[in-house]
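Secondary and tertiary structure notes
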Amino acid sequence: MPPPFAWHTMSIDAVLTQLQTSAAGLQSATVLQRQVEYGANAMPAGRRLSILRIVLKQFTDFMIMVLLIAALISGVVGEPQDTIVILIIVLLNALIGTVQEYRAERAVAALRKLAAPEAHVIRDGQTISLAATELVPGDVVLLEAGNIVPADLRLLEVEALQADESTLTGESHPVDKTTETLTAVDLPTGDRINLAYKSSVISRGRGTGVVVATGLHTEIGHIAALLQSEEGVKTPLQQRLTRFGRYLALAILAICVVVFVAGLLQGQAVMLMFLTAVSLAVAAIPEALPAVVTISLAFGASKLIRHQALVRNLPAVETLGSVTCICTDKTGTLTENRMTAEIFFSNEQSRATLPDAATQSQPWYALGTALALNNDVTHKNGHPAGEPTELALHAAAHRFGFDKSVLHPQQPRLAILAFDSERKQMTTLHANTDGVIAYSKGAPEKIIAQCTQVLSSAGAMQIDRTAMLTQAETLAHEGYRVLAFAQRQFDQQPENITAEYIEQDLTFLGLVALIDPPRAEVPQAVADCLSAGITPVMITGDHPGTALAIAKRLGIADGSNTLLTGAVLAQLSDAEFAATVETRRIYARVSPEQKLRIVKALQSNGEFVAMTGDGVNDAPALKRANIGVAMGQKGTDVAREAADMVLLDDNFATIVHAIRAGRRIFDNIRKFIKYTMTSNSGEIWTLFLAPFLGLPIPLLPIHILWINLVTDGLPGLAFTTEPAEPGIMQRAPRAPDESIFAHGMWQHIVWIGLLIGGLSITAMAWAIARDTAYWQTVVFTVLTLAQLFHALAIRSETASLWRIGVFSNPPMLAAVLLTIVLQLVVIYLPLCNDIFHTQPLPWFELLNCVAIASLVLVAVEIEKWLARRGVIYANS
């Protein structure tokens with residue numbers, strides 16, 4: 001591949017010389033040599049992992065290894081059902097992880113599909129069609145409207161050439177192309193207007209260009225390389241659970257050693273204490289946690305589909321609850337990706353509408369007629385078709401009664417002076433009752449300079465060019481694309497139809513300001529993000545003025561001091577940028593590499609970043625972000641494949657629903673951890689303290705495993721269906737480095753665990769004191785029921801159970817009732833008495849067990865009452 005020259009700064013002759021080619025194209029022999037030297041014009045697939053290696057990678061997670069050890073121990077102590085359950089959970093998680101590994105490869109595959117299938121090329125002095133993959137540097141390519149650009153080109157000839165580069169640069173309207181040599185070396189991609197980029201679309205005109213880069217060396221190829229090399233980031237939940245698993249394993253090991261030694265010191269049998277310690281280890285490991293996490297995420301994902309959000313990466317659902325910053329592309333995400341005429345200026349007035357055509361009030365009638373007739377819009381399959389800006393003008397004219405199909409027969413077109421990048425205007429000539437009228441539209445500085453008069457309600461008057469230019473500049477500074485309109489009346493059709501003759505002595509009609517408007521629902525969505533403590537940041541390849549105007553409308557920013565351009569960003573060191581990144585809300589004219597740099601800078605400052613976008617240029621940043629959100633309708637395959645979530649309706653407001661779901665999911669996972677760790681804590685305290693109090697070992701290994709199975713199982717899974725906490729979207733995002741045990745959770749686990757252990761030992765001591773034979777069944781039942789009361793009590797962090805309603809989570813109520821039934825079966829069914837070493841309890845004894853266990857519910861309600869008043873956990 002030729003060295004990466006600044007092709008846009010080189011003259012046409014210099015480019016052709018450097019590439020050793022000519023406007024007549026390459027010779028076939030040269031092409032063969034270059035195909036060997038440079039390879040195919042395609043993006044090669046990166047090194048792919050085998051299925052086996054991907055699967056094996058899933059078993060390297062610390063928590064998974066702990067669970068595998070637990071499964072082995074369960075098999076050793078004769079509990080194969082626990083072994084089977086744990087292995088199923090581990091395999092399910094391995095399956096999810098394996099699926100995730102393929103996302104990056106599918107994204108690169110989608111990039112390869114964007115390549116143009118064919119190209120029209122001049123070789124050996126003749127025009128031929130061939131596969132775009134066969135192009136080499138130095139080939140001369142012909143372009144016309146509708147073509148996909150097959151490689152990066154330095155333009156040699158242009159005729160009113162415009163290219164849609166929105167998927168590459170984020171620019172919302174087509175770019176006028178030129179052959180002129182540019183002087184600035186470090187221009188953003190979108191400003192190198194003498195280049196045409198691979199996979200952009202020619203929207204208007206025709207031209208020729210010489211290939212300067214192919215395959216991975218093109219701009220879109222650079223994005224593919226970024227996408228292949230950029231690693232994803234672990235979600236907050238994955239990070240927290242990894243830390244949790246490490247600490248838990250160490251704590252369990254220490255406690256089991258203490259229990260084993262304490263039993264031996266009390267004179268218990270070595271094998272009994274070994275089995276007790278091992279059973280306690282298995283029970284203390286929350287093997288249902290991966291299943292609860294998976295089911296919570298899957299349940300949340302299924303609910304999000306009803307809100308038009310498709311989740312592609314399950315763990316990322318929870319990430320939304322941790323997001324502190326949303327980096328959003330502008331075009332097609334915040335805006336409609338459709339140019340719209342918003343302001344009409346004429347007769348010294350600015351209006352949002354044109355007077356209806358039926359009024360025929362001047363100069364508005366003349367302006368509306370010019371809008372309707374001075375365009376190349378046609379109808380295909382019953383719908384208008386043409387260049388986006390002209391479609392917007394045509395739609396505006398039609399909206400206010402200026403119907404082209406009605407006006408055209410009255411004023412048929414006679415001739416056209418097509419738009420070109422040098423004149424920056426277009427003129428059409430039409431027959432009318434007074435002879436021939438010419439309508440011109442184009443850049444205000446060009447049109448106004450050609451005008452000698454201005455049409456007003458009082459007729460034609462002397463024009464004040466300075467005032468008109470000032471008005472145009474004011475609109476441009478507000479982010480609008482501004483076009484000027486003028487007319488000239490001839491008695492008959494001119495013989496000399498040239499720009500020099502026709503486009504002079506014009507009468508100014510007015511200005512039209514166009515913009516890609518914000519989506520109607522986005523301002524409220526932005527406000528909701530701000531109320532939830534989430535900072536929206538706009539990142540776009542579009543013009544700074546346009547970006548600032550849209551950001552102000554949406555409430556993302558209120559001043560230009562929050563804007564940073566790609567050119568300025570390129571001059572900042574990483575340290576300088578890190579110091580200012582937190583104050584920036586708008587980034588304009590940025591490259592894909594800079595989008596990636598912005599996301600990384602925010603992450604290095606402790607932010608959890610969601611990145612939304614729909615273009616090819618967004619894909620690397622979508623992958624790097626903590627959660628990537630792509631658009632489903634207008635988005636590219638590349639963006640969708642790189643993202644964790646796809647908005648099926650392209651609605652920015654859907655993100656608010658997703659954030660709410662993410663917060664609810666994390667809350668519910670946290671409730672399960674609180675529940676299972678408190679339950680395990682209660683079991684540990686019971687087994688640990690009893691020997692020190694001179695009491696026998698309270699439970700047999702099978703009792704521990706049964707409690708672990710029935711209480712962790714059904715009630716634990718029922719937490720996945722718990723409704724959202726009140727005010728969930730009025731609180732700030734969780735701190736990214738916040739412990740999963742924050743907000744009083746570890747204190748709760750310790751003291752409620754102690755309470756459960758204390759109540760169980762008290763019931764045990766009382767039963768032994770009365771010399772009952774069923775004392776072990778008593779402690780077994782109290783421990784089980786206490787955990788069920790605890791499950792009901794912690795359904796909300798702070799709200800009372802009576803406020804949220806006992807019946808507001810039917811699966812939880814059903815799980816508790818079913819667990820109680822199973823416990824009664826174990827107590828009263830003779831077959832189970834033999835298996836579980838239990839004895840039937842008298843009914844009064846069972847009621848005592850219920851009453852003792854219910855004290856846990858009372859204690860947790862008191863705890864929540866104190867927490868609501870800020871007495872406890874206020875700063876934890």
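Residues numbered from 1 in each chain as written. Predicted model: local features only at pLDDT ≥ 70, side-chain atom pairs only at ≥ 80, totals over all residues. Heavy atoms only, no water.

Here we take up the pairing of strand S18 (residues 459-462). In this sheet, S18 lies alongside strand S17 (residues 451-456) in antiparallel orientation, the contact comprising 4 bridges. Among the inter-strand pairings, Leu455 is bridged to a residue of S18, identified as Ala460. Here S17 folds back onto S18, and the loop between the two strands holds 2 residues. (Pairing = 2+ DSSP bridges. Helix = DSSP H or I, 4+ residues; strand = E, 2+ residues; numbered from the N terminus.)

All right, on to the layout of surface pockets then. Considered as a void within the structure, the second largest pocket measures approximately 1,200 Å³ in volume. If you go around the second largest pocket, you meet 46 residues; those closest to its centre are His173, Asp176, Lys424, Ala443 and Arg481. When residues of the lining of the second largest pocket are traced back to their parent elements, those giving at least two are strand S5 (175-176), helix H15 (388-399), strand S16 (435-442), helix H17 (444-449), helix H18 (465-477), strand S19 (481-490), strand S20 (506-515) and helix H21 (544-554). Counting residues per element, the lining of the second largest pocket draws most heavily on H18, at 5 residues. A per-class count over the lining of the second largest pocket returns 17 nonpolar, 13 polar and 16 charged. (1 Å grid on protein atoms, 1.4 Å probe; cavity = no way out; pocket = protein on both sides within 12 Å on 5 of 7 lines; lining within 4 Å. Points joined across faces, edges and corners; volume = space filled by probe spheres on them. Nonpolar A, V, L, I, M, F, W, Y, C, P; charged D, E, K, R; others polar.)

Take the sheet that holds strand S21 (residues 535-539) next. Within a sheet, neighbouring strands are paired by backbone hydrogen bonds and run either parallel or antiparallel to one another. Sheet architecture is open: 8 strands sit in the order S8-S26-S25-S24-S9-S21-S23-S22, paired in mixed fashion. At either margin of the open sheet sits one strand with a lone partner, and together these are strand S8 (309-311) and strand S22 (563-565). Looking at each pair of strands side by side, their axes are set apart by 20 degrees on average, direction ignored. Summarising the sheet, S8 and strand S26 (residues 645-647) pair through 3 bridges and their orientation is antiparallel. Each residue of the ladder has a partner; that of Ala309, found in S26, is Leu647. Along the sheet, H21 makes contact with S21, S22 and strand S23 (586-588), crossing S23 at roughly 155 degrees. (Axes fitted to C-alpha atoms, helices over the stretch in contact; angles between N-to-C directions. Contact = heavy atoms within 4.5 Å.)

Attention now moves to the confidence of the model for the chain. Summing up the model confidence of the chain, the mean pLDDT is 84 and the portion of residues at 70 or higher is 86%. A low-confidence stretch, residues 107-112 stays under pLDDT 50, and its non-local contacts, those more than four residues away or across chains, total 20 contacts. (pLDDT = per-residue confidence, 0-100.)

This next bit is on the state of the cysteines. Under the counting rule described, the total for this entry stands at 0 disulfides. Unpaired in terms of disulfides, Cys327 finds its nearest cysteine sulfur in Cys325, a separation of 4.1 Å. The exposure class assigned to Cys327 is buried, which follows from its relative accessible area of 0%. (Disulfide = S-S within 2.5 Å. Buried < 20%, exposed > 50% of the residue type's maximum accessible area, 1.4 Å probe, protein only.)

To continue, consider empty space enclosed by the protein. A water-sized probe rolled over the atoms picks out the places where empty space is left. Counted under the stated rule, the structure contains 1 cavity of 30 Å³ or more. Estimates place the volume of the largest cavity at around 70 Å³. Around the largest cavity, the lining residues are Leu168, Thr169, Pro188, Thr189, Gly190, Gly541, Arg589, Val590, Ser591 and Pro592. Tallied by class, residues from the lining of the largest cavity come to 4 nonpolar, 5 polar and 1 charged.

Moving on: the nonpolar core. The biggest cluster of nonpolar side chains holds 80 residues, and the ones touching the most others in it are Ile326, Phe508 and Met645. Among the elements that make up this core, the one with the highest residue count is helix H27 (residues 654-692) (11 residues). Among all residues touching Met645, those that are not within four sequence positions of it are Leu304, Ala309, Leu310, Val311, Arg312, Leu320, Gly628, Val629, Ala630 and Ala658. Listed in part, the 53 residues of the second largest apolar core include Ile761, Leu792, Cys849 and Val856. (Core = buried A, V, L, I, M, F, W, Y, C linked by side-chain atoms within 4.5 Å.)

Each pair of aromatic rings is reported with the distance of its centres and the angle of its planes. Taken as a whole and judged by the stated rule, the model has 7 aromatic pairs. Taken together, a centroid distance of 5.6 Å and an interplanar angle of 50 degrees make the contact between Tyr365 and Phe402 tilted. Of this pair, Tyr365 sits in helix H14 (residues 364-373) while Phe402 sits in the loop between H15 and helix H16 (404-410), and the two are 37 residues apart along the sequence. For Phe402, a relative accessible area of 2% gives the class buried. Ring geometry for Tyr828 versus Trp843: centroids 5.5 Å apart, planes at 15 degrees, classification stacked. Of the two residues, Tyr828 is situated in helix H32 (residues 810-828) and Trp843 in helix H34 (residues 843-868); the sequence distance between them amounts to 15 residues. (Phe/Tyr/Trp six-rings, centres within 6.5 Å; stacked < 30°, edge-to-face > 60°.)

With that settled, the discussion passes to the environment of His120. As for its placement among the helices and strands, His120 is situated in strand S1 (residues 118-123). Its relative accessible area of 29% is what places His120 among the partly exposed residues. Separated by 30 residues in the primary sequence, His120 and Pro150 have C-alpha atoms spaced 9.3 Å apart. Apart from residues no more than four positions distant in its own chain, His120 is found in contact with Ile128, Ser129, Val140, Val141, Leu142 and Asn147. Within the local environment of His120, its side chain forms a polar contact with the side chain of Ser129, the two groups lying 2.8 Å apart. (Polar contact = N/O pair within 3.5 Å; in protein donor to acceptor, adjacent residues only side chain to side chain.)

The subject of this paragraph is unusual backbone geometry. Between Gln362 and Pro363 the backbone carries a cis peptide bond, its omega angle lying at 5 degrees. Despite not being glycine, Gln20 has its phi angle at roughly 55 degrees, a positive value. Considering the arrangement of structural elements, one finds Gln20 in the loop between helix H1 (12-18) and helix H2 (28-38). Overall, Gln20 belongs to the exposed group, its relative accessible area being 64%. Residues other than glycine seldom take positive phi values, yet Gln360 does so here, at roughly 50 degrees. Counting through the fold element by element, Gln360 comes out in the loop between strand S11 (349-351) and H14.

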